[in-house]
Amino acid sequence: MALIIILAFLAENKLNFTERLKYPLRYETIVYENAELYNVDPYLIYAVMKAESGFFPYAKSRKNAKGLMQIAPITWEWACNETGANISSIYSPFYNIKVGAWYLSALLKEFENENLAIVAYNAGSGNVQNWISQGRLDGEDFTKWDIPFPETKSYIYKVNEFKSSYIKLYEELD
């Protein structure tokens, strides 16, 4: 009887186990501390990190963004002054996540809308301001927005999908 219960439990939870491998909670202490410090949803931080680097701390983009959160050099320099991060610590998970969370927080304050902040994280704040003034980002439904950068259009879908998966898999643990 005990074996049947164990097998039933394993069968029921196999999907969650497999899904949790695809959506890990890496750097958990760093993420949750900075989520609280900067008032950012930790699942948004995880979704951005997964989309940006796939959790590879030494990731580097063709535009020279670096680390887990893929911070651009100009953003990194600005953030170092604001967060106390060292200019040479861009690949440090601790500082890269801290700066990424700080930057997400700044974008959330600037745009007062999570999806606009996600678009700005990828395309830049100035581009988002321009697109808003051009009427390209009207309404709450981001699927109806006219985002001119294909990468950014794909990015917002990806980050939202990842965040939804994190919530579905882990929210009951909070």
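Just above, that's the structure.
Draft legend 1. The packing of helix α2 (residues 28-38) against helix α3 (residues 42-53), seen in detail. One can describe the packing of α2 onto α3 by two numbers: an axis separation of 9 Å at closest approach and a directional angle of 125°. Put simply, α2 runs oblique to α3. Note on packing geometry: the crossing formed by α2 with α3 is right-handed. Across the interface between the two elements, Glu28, Val31, Tyr32 and Ala35 from α2 touch Pro42, Tyr43, Ile45, Tyr46 and Met49 from α3. Class assignment for the residues of the contact of α2 with α3 results in eight nonpolar, no polar and one charged.

Draft legend 2. View of the environment of serine 164. Its place among the elements puts serine 164 in helix α8 (residues 150-170). Distance from serine 164 to threonine 143, taken between C-alpha atoms, is 15 Å for residues 21 residues apart in sequence.

Draft legend 3. Representation of the side chain of threonine 83. With respect to the element layout, threonine 83 can be found in helix α4 (residues 73-83). Looking at threonine 83, its side chain comes within polar contact range of the main-chain nitrogen of alanine 85, at 3.3 Å. Sequence-distant contacts of threonine 83, that is, excluding residues within four places in its chain, are made with Tyr38, Lys98, Val99 and Trp102.

What counts and how
Residues numbered from 1 in each chain as written. Predicted model: local features only at pLDDT ≥ 70, side-chain atom pairs only at ≥ 80, totals over all residues. Heavy atoms only, no water. Axes fitted to C-alpha atoms, helices over the stretch in contact; angles between N-to-C directions. Helix = DSSP H or I, 4+ residues; strand = E, 2+ residues; numbered from the N terminus. Parallel < 35°, antiparallel > 145°, perpendicular 65-115°, else oblique. Left-handed = near helix turned anticlockwise from the far one by under 90°. Contact = heavy atoms within 4.5 Å. Nonpolar A, V, L, I, M, F, W, Y, C, P; charged D, E, K, R; others polar. Polar contact = N/O pair within 3.5 Å; in protein donor to acceptor, adjacent residues only side chain to side chain.

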